[in-house]
Amino acid sequence: MPESHHADIRRLDLFAEMEESNFKALMRGSYVQNFPQRIELIMEGETSDFLHVVLSGSVDLYSCWNNQETSMATIRPVSTFILAATIKDAPYLMSARTLEKSRIALIPSQDVRAIFDTDAAFARAIVNELAQCYRTVVKNTKDLKLRSSLERLANYLLRQHNKTGSSVIDLSMEKRRLASFLGMTPENLSRAFKGLSPFGVTVSGSQIKIGDVETLEAFAKPSVLIDNMQS
């Protein structure tokens, strides 16, 4: 892998504290590849040969069953996917494809596992990241099981508002993918947007405006135990 990419990867919490010699050993067996839009990177059920690091662009993690497909997450720079399969030497539980032209670093899974066994700081960072992923899954599951489609959409919009500080939200994904991510059909998403209009939400194409944040919060009842994805 070109050394020009090392600094970006090294800044990730996963690699920040590991021994320099071990980091260099990981990088020696790794490489960077550019992928055009909508290229399949991995397929669920396949062996986890590499840990992937998104350096630029974005990647959709999705899953399929019985001719149905759902979007699980969007990965943006600089971050990894799918760590659990790499550590367990297990098949991928999700597929991944590029949403736009993307640059991806591929780190051999066997090298990651080997250094996990010898570098304590790296092992702690892996455990911490896997724990964070587990907590995120629990929060997403609570969001799906405890809330109606209207409440899920309202809390999603509030999370975007809290991220940007703006009451005008430009959707970063197609509405079809947003519907899939929130566990509803595109038709239900359209109805949910209309259902939020009494709470000050207006829609113009991919731009969403929250006219009254307090009114929307009173309806959505956001919870730190569901909506804070950083804790």
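Residues numbered from 1 in each chain as written. Predicted model: local features only at pLDDT ≥ 70, side-chain atom pairs only at ≥ 80, totals over all residues. Heavy atoms only, no water.

## Structural notes on the sheet that holds strand β7 (residues 95-98)
One open sheet accounts for four strands, arranged β2-β7-β4-β5; its pairing is antiparallel. Only two strands of the sheet have a single partner each, and these edge strands are β2 (40-42) and β5 (68-75). Sheet twist, expressed as the mean angle between neighbouring strand axes with direction ignored, is 35°. Inspection of the sheet shows strand β4 (residues 59-65) paired to β7 by four bridges, in the antiparallel sense. Its bridge partner lying in β7, Val59 is registered against Thr98. (Pairing = 2+ DSSP bridges. Helix = DSSP H or I, 4+ residues; strand = E, 2+ residues; numbered from the N terminus. Axes fitted to C-alpha atoms, helices over the stretch in contact; angles between N-to-C directions.)

## A short note on the packing of aromatic side chains
One pass over the structure, following the stated rule, counts five aromatic pairs. Aromatic pair Tyr156 and Phe181: ring centres 6.4 Å apart, planes at 65°, arrangement edge-to-face. You can see Tyr156 sitting in helix α7 (residues 149-164) and its partner Phe181 sitting in helix α8 (residues 175-181), a full 25 residues away along the chain. We classify Tyr156 as buried; its relative accessible area is 5%. Given the relative accessible area of 27%, Phe181 is considered partly exposed. Measuring from ring centre to ring centre gives 4.4 Å for Phe199 and Phe219, while their planes differ by 20°; the resulting arrangement is stacked. With a gap of 20 residues between them, Phe199 in the loop between α9 (186-195) and β10 (201-204) and Phe219 in helix α10 (residues 213-220) connect regions that are remote in the sequence. Here the aromatic cluster, defined as three or more aromatic residues joined through ring pairs, consists of Phe15, Phe23 and Phe122. The side chain of Lys175 reaches across the aromatic face of Phe193, ending 5.8 Å from its centre. (Phe/Tyr/Trp six-rings, centres within 6.5 Å; stacked < 30°, edge-to-face > 60°. Buried < 20%, exposed > 50% of the residue type's maximum accessible area, 1.4 Å probe, protein only. Lys NZ or Arg CZ within 6 Å of the ring centre and 35° of its normal.)

## Some details on the nonpolar core
Leu153, Leu157, Leu178, Leu189, Phe193 and Leu196 are the most contacted members of the largest nonpolar core, which has 22 residues in total. For this core, the secondary structure elements donating two or more residues are α7, α8, α9, β11 (207-210) and α10. The dominant element in this core, judged by the number of residues it contributes, is α7, at five residues. Ranked by size, the runner-up nonpolar core spans 20 residues in total, among them Leu12, Met18, Leu51 and Ala125. (Core = buried A, V, L, I, M, F, W, Y, C linked by side-chain atoms within 4.5 Å.)

## Re the packing of helix α3 (residues 20-28) against helix α5 (residues 109-116)
One can describe the packing of α3 onto α5 by two numbers: an axis separation of 9 Å at closest approach and a directional angle of 165°. It follows that α3 is roughly antiparallel to α5 by the angle criterion. Here the hand of the crossing between α3 and α5 comes out right-handed. Facing Asn22, Ala25 and Leu26 of α3, the residues of α5 in contact are Asp111, Val112 and Ile115. Classifying every residue of the contact of α3 with α5 gives four nonpolar, one polar and one charged. (Parallel < 35°, antiparallel > 145°, perpendicular 65-115°, else oblique. Left-handed = near helix turned anticlockwise from the far one by under 90°. Contact = heavy atoms within 4.5 Å. Nonpolar A, V, L, I, M, F, W, Y, C, P; charged D, E, K, R; others polar.)

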